[in-house]
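# Reading the structure
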Amino acid sequence: MISILSCENKAETGSIPVEAKDALSTYKITDGFKIEMIAAEPLISDPVDMEIDEYGRMYVVELHGYPLDRSGTGKIILLTDSNGDGIMDNRTVFADDLELPNSVMRWKKGVLVTDAPNVLYLEDTNGDGHADVRDTVLTGFALSNPQHNVNNPVYALDNWIYLAHEGSVSTQKYKEEFGDEGSEIIFPSSPGSASLPKNANGLSVRFRPDQKQIEMTSSRSQFGHTFDEWGHWFGCNNSNQGYQKVIANRYFKRNSALPISDAVQDMSDHLNAPEVFPTTIHPDRQLLSGVGVMTSGSGLTAYLGGEFPAPYNENATFIAEPVYNLVHVDVLEDSGTSFTASRIFEQKEFLSSTDAWARPVNFYVGPDGALYVLDYYRKVIESPEWMADEAVVAGGLYAGSDKGRIFRITPTDARPAEWTKGLKLGDVSDNELIANLANKNNWWRLNAQRLLVDRNDKKTIPGLIEMAKNTSSDIGRLHALWTLEGMNSLDPSLIIQALKDPVAGIRENAIRLAELHLTSAPQLTDALLSLQTDPDAKVRFQLLLTLGFVNTPQSVEARTKLLFADIDDKWVQIAALSAGAETSSLLNVVLARFRPEIPAYSSLVQRLTSMIGITGDKHNIYPLIQQATTPDDINIESNVAILEGLSRGLKNRKSPLMISPILQKRLVRTFFENNSSQMRNASYHVLKVGGISEESLKDQSIKKALLIIKDTIHKADRRADAIDFLALGNPSNYVSILEKLLVPQEPSVVQLAALRTMNLVLGTSVSRYIIRQWQELTPEIRDAAIETFMGKPERVNLLLTAMEKDLILPNSVSYYGSVGLMMQTDKKLRNRARAIFTRSQEEGKRVNEKYQQALNLTGDPSNGRTVYAQSCVMCHQIRGKIGLAIGPDLGSVHNWTKEDIMANILDPNISISAGFDLWNVELNTGQSVQGIIKSETPTAITLVNSGKPDITINRQEIKTLKTANVSAMPSGLEKNIDQQQMADLLSYLRQN
């Protein structure tokens, strides 16, 4: 078997694939692990998922149709190892003629396959290796962009099958192929059985095929999802390497007024789109790909194989990053009701390839405890929907579709895989299956549980009860309890015993199990109430959720106690409110205990009053407005929270509620007379929902707001509030006033408020003014100004025209702004935007011909460090070190191509990083200063320039402020370094 720990790349170009026999030489894996190849072309191609069943049969999904081919080229392949050397050498087509299959899971005597719009069941009944049964278990899922179709069925601890799923992705280019938005999701073979609304409302799904049960979850995931050993669910998407579903959908269904739009907690402590550290020599980067950060995260997998060393075992999550040809790993740590995900490595990845065609997309933890990596191996991994048209026309969308690899990762001292010689788990006795519930490898545990539940032999109950009491195996007790539950044979006495278990994870699961039996076994309620002071946060949290189904005075008292014990945790607040108890009573309790120094009390009051705003009537709502608008300097925080919550609730009511004229006057008076900006804003937000009904009051109020706006003696925040207030009238009447506020002399909060109100004016006159003013808008104001164009085609047209005429440079638009422009619904606008930003990229490739040879020279990073010290440290740092922080930090340019870095060195004006262009400030004194805007506050800006002290300028001192549309980095660096030094500098900047 081929094995390698770390090797140098042998491929010199990313334009041609690396042969399978040389693939391992492109990979670098962290110390302590080895990587082996167990399958490759021609045996397999385009692998995206795999499954090893209880007989050691390896199913592999081949997705040949990505990105555009719906002709039925997808296959499920059976791989076997005929000589027992651990390398697969025999291929059987288990099923073909599949459209866009992407995942497989063992079920009953066959497999479940996700192939949108369907979930299929395939079975081989005669043992010839070919599926002769093909049933549609579920149908109705959207068939949109293949990156977003339903995928990755997982048999979970609770005996449900979970499907990763998200909403359909609209397409502008390929509506014929991928315009299907889904339909009602049904069991087609069982008319009248449970179903879900159209495309499950874009949420992930769980189902039980035998019972014809199906439910939406409260979360979504793009490609891949996973569970930890205690049943906590984690999902991912392209730019987020892991988030947790904290509260299940069944709890939200109890209270439709609950003010929550998401049930997931981001876990990463190093950004949701973390910086990545590829080793790719010739990376492929498409027009809309993020540079240097995770942009294609997929296949999230918690490692539960039992063979990896700490901190990987039981605490690590792996995610593939195919655009950057690597595998990222995080370690999870408890953080109250959720988790924190931290890097194990700084500035490097668990696994990376120098080969730009290497495309890890998914993982599988096998019976040997190894982590199997599926390498889709394609030249292009991006969907053409998000590629430049030129790149699509250039071809190569299917280059590599005849290739694909599967790698096995284990500790360096691991034994070869023995499962390839055949497993017999499917034939073992029930007692042996029960014993495997305590196996350290989750593959054995879950397969044993699945088989026991499937057999449903009541003779196994005594053995399962014995395992549920097995003090030598925590994980064995856990799986025995859920296996009994899956067989409808779990006695409440075992649940009561588990509620007292010394292991927190088992107590947490025991509460979930008790929840399923509350009606049939009411004695469980007293046992649950005994856990109110449990030392574990997750146990208390689950108890709070479950007690929401118990409507007794004792349960209400316990829920209140649990709420205030962990009130700082927003999820605890949401869990308490999900019970749908008497909202007003709880609000009175919270207000009586209100502590202004603890922000959690304000957030809880907002949630409660939002619910009242949604479901209450004037008898509930009017007294709260009366209370909150009483002049009071003591209860400002609670009054703000009351009004902010009410405004959100009133906005989301099914039927509008008119605020009485008397209360409108109180809100107006509070807006103009209260010294707290928060109170002014909160009062305005309530007024904004229904407006001011009396014209005389409205006219008087707007006149008063105009006086405040024009009088600069007032503080900036008060003037900004008054500008927002104009939205209660007709903002178009005040355009001339607002335009005069969009100048660098005005505080930034005033300019931002002016933009918000100007954005409400219909037509394009405001947009034309913004374009004329663009050179005077600072970076902070520009970001907000771009938002005023979005969503309005006539305004986007003006913006693009200005960019085509170089009145607005592409590099002055942020990355997210550029993506928004390049994804416009209107085809003509979208194509124009892409042409603009493509042109910007292309210009970066036109470098001084004299230095082309430097790209082919071998650079020495140690010499490059010397070049950097001589030529760059006066303006740049690398990750906050070595140099002066004037220009952009160069720590992330290791993800750029050599061509892009050199082009920007030789011509700094090619791609001015946002916020690092040169500004010229003319002062009222006649003096002029230049520099980069290092920072800006509402009242001042600070300029920085190489070799000079920072200069802070009060906005009132500014006569004019304009961007020079040039980089602050001086040109002419090529005069100081030769080609070899350039190669050395590039090598130094690109090293991890």
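Provided above is the structure to which this section pertains.
This one's a predicted model, so the numbers in the text were calculated from it and none came from an experiment.

### Some remarks on the overall build of the chain
For the chain, the helix and strand inventory stands at 31 helices and 31 strands. Within the chain, contacts between residues separated by at least 24 positions form 65% of all contacts whose residues are at least 6 apart in sequence. For the chain, the accessible area works out to roughly 39800 Å², and carbon and sulfur atoms hold 49% of it.

### Things to note about the nonpolar core
In terms of nonpolar packing, the biggest core is built from 232 residues, with Met 58, Leu 138, Phe 207, Ile 406, Phe 725 and Leu 821 touching the most fellow members. With sequence-adjacent residues up to four places away left out, Ile 406 is seen in contact with Glu 36, Met 37, Ile 38, Ala 39, Ile 44, Pro 47, Met 50, Met 58, Val 60, Tyr 372, Val 373 and Leu 374. Grouped together as the second largest cluster of nonpolar side chains are 27 residues, Ala 20, Tyr 312, Phe 318 and Ala 320 included.

### As for the pairing of strand 14 (residues 213-216)
Taking every second residue as pointing to the same face, the buried face of strand 14 carries Ile 214 and Met 216, while none of Gln 213 and Glu 215 on the other face is buried. Two strands pair when backbone bridges link them, and strand 13 (residues 205-208) and strand 14 are joined in this way by 4 bridges, in the antiparallel orientation. When the sheet's bridge partners are listed, Arg 208 is paired in strand 14 with Gln 213. Between the antiparallel neighbours strand 13 and strand 14 lie 4 residues, among them Lys 212 with a positive phi of about 55°.

### Let's talk about the sheet that holds strand 2 (residues 33-40)
Strand order in the open sheet made by the 4 strands is 2-26-25-24, with antiparallel pairing throughout. Edge strands, defined here as strands with exactly one partner in the open sheet, are strand 2 and strand 24 (360-365). Pairs of neighbouring strands in the sheet enclose a mean axial angle of 25°, with direction left out of account. Looking at chain direction, strand 25 (residues 371-375) and strand 26 (residues 405-411) are connected through 5 bridges and run antiparallel. When the sheet's bridge partners are listed, Tyr 372 is paired in strand 26 with Arg 408.

### Re the pattern of salt bridges
Charged atoms that come close allow side chains of opposite charge to pair. One pass over the structure, following the stated rule, counts 34 salt bridges. Taking the shortest distance from any N to any O, the salt bridge between Arg 206 and Glu 215 comes out at 2.9 Å. The exposure class of Arg 206 is buried, given its relative accessible area of 12%. When its relative accessible area of 30% is taken as the criterion, Glu 215 is described as partly exposed. One salt-bridge network, in which partners are shared between bridges, spans Asp 53, Glu 54, Arg 57, Arg 106 and Arg 450.

### Some remarks on the sheet that holds strand 3 (residues 47-52)
Read from one edge of the open sheet, 4 strands run 3-4-5-6, paired in antiparallel fashion. Two strands in the sheet have a free side with no partner beyond their single neighbour: strand 3 and strand 6 (90-98). Put simply, the sheet's adjacent strands are angled 20° from each other on average, direction ignored.

### Observations concerning the packing of aromatic side chains
One pass over the structure, following the stated rule, counts 27 aromatic pairs. Judged by centre distance (3.9 Å) and plane angle (10°), the ring pair of Tyr 303 and Phe 308 falls under stacked. On the basis of relative accessible area, Tyr 303 is assigned to the buried category, the value being 0%. In this structure Phe 308 comes out as buried when scored by relative accessible area, which is 4%. Site record: aromatic cluster; members linked through ring pairs are Phe 33, Tyr 303, Phe 308, Tyr 312, Phe 318, Phe 350 and Phe 363. Cation over ring: Arg 206 sits above Trp 160, and NZ or CZ is 3.9 Å from the ring centre. Above the ring of Phe 549, the side-chain terminus of Arg 254 is found at 4.3 Å from the ring centroid.

### Here we look at the packing of helix 20 (residues 695-710) against helix 21 (residues 716-725)
Where helix 20 meets helix 21, the closest approach of the two axes is 8 Å, and the angle between their N-to-C directions is 145°. As helix 20 packs across helix 21, the resulting crossing turns out to be left-handed. Where helix 20 approaches helix 21, its residues Ser 701, Ile 702, Ala 705, Ile 708 and Ile 709 are matched on the opposing element by Arg 718, Arg 719, Ala 722, Ile 723 and Phe 725.

### Side note on the environment of Gln 981
Position of Gln 981 among the secondary structure elements: in helix 31 (residues 979-990). Residue class for Gln 981 comes out partly exposed when judged on its relative accessible area of 25%. A C-alpha to C-alpha distance of 9.8 Å links Gln 981 and Leu 857, two positions 124 residues apart in sequence.

### Side note on helix 12 (residues 553-565)
A rise of 1.5 Å per residue sets the reference length of helix 12, with its 13 residues, at 18 Å; its end C-alpha atoms lie 18 Å apart and thus fit the reference within 8%. Inspection of helix 12 places Ser 555, Ala 558, Arg 559, Thr 560, Leu 562, Leu 563 and Phe 564 among the buried residues, and these make up the whole buried set. Summarising the contacts, the buried residues of helix 12 are in contact with helix 10 (524-529), helix 11 (537-547), helix 13 (570-578), helix 14 (583-592) and helix 15 (599-615).

### Quick word on unusual backbone geometry
Following Glu 41, the chain continues to Pro 42 via a peptide bond in cis, the omega torsion being 5°. By secondary structure assignment, the location of Pro 42 is in the loop between strand 2 and strand 3. In this model, Asn 199 sits at a positive phi of 50°, which is unusual for a non-glycine residue. Residue Asn 199 is classed as buried on the basis of its relative accessible area of 4%.

### Section: the environment of Gly 396
If you trace the backbone, Gly 396 turns up in the loop between helix 3 (389-393) and strand 26. Overall, Gly 396 belongs to the partly exposed group, its relative accessible area being 25%. Note: C-alpha distance between Gly 396 and Val 380 (16 residues apart in sequence) is 6.8 Å. Setting aside residues up to four positions removed in sequence, Gly 396 forms contacts with Lys 379 and Val 380.

### Description of helix 26 (residues 793-804)
Between the first and last C-alpha of helix 26 there are 16 Å, a value that for 12 residues agrees with the 16 Å anticipated at 1.5 Å per step. For helix 26, the complete set of buried residues consists of Arg 795, Val 796, Leu 798, Leu 799, Leu 800, Ala 802 and Met 803. At the C-terminal side of helix 26, Asp 806 shows a positive phi close to 65°.

Conventions adopted
- Residues numbered from 1 in each chain as written.
- Predicted model: local features only at pLDDT ≥ 70, side-chain atom pairs only at ≥ 80, totals over all residues.
- Heavy atoms only, no water.
- Helix = DSSP H or I, 4+ residues; strand = E, 2+ residues; numbered from the N terminus.
- Contact = heavy atoms within 4.5 Å.
- Areas by Shrake-Rupley, 256 points an atom, 1.4 Å probe, with all protein chains shown as cover.
- Core = buried A, V, L, I, M, F, W, Y, C linked by side-chain atoms within 4.5 Å.
- Buried < 20%, exposed > 50% of the residue type's maximum accessible area, 1.4 Å probe, protein only.
- Pairing = 2+ DSSP bridges.
- Axes fitted to C-alpha atoms, helices over the stretch in contact; angles between N-to-C directions.
- Salt bridge = Lys/Arg side-chain N within 4 Å of Asp/Glu carboxyl O.
- Phe/Tyr/Trp six-rings, centres within 6.5 Å; stacked < 30°, edge-to-face > 60°.
- Lys NZ or Arg CZ within 6 Å of the ring centre and 35° of its normal.
- Left-handed = near helix turned anticlockwise from the far one by under 90°.
- Expected span 1.5 Å × (residues − 1).

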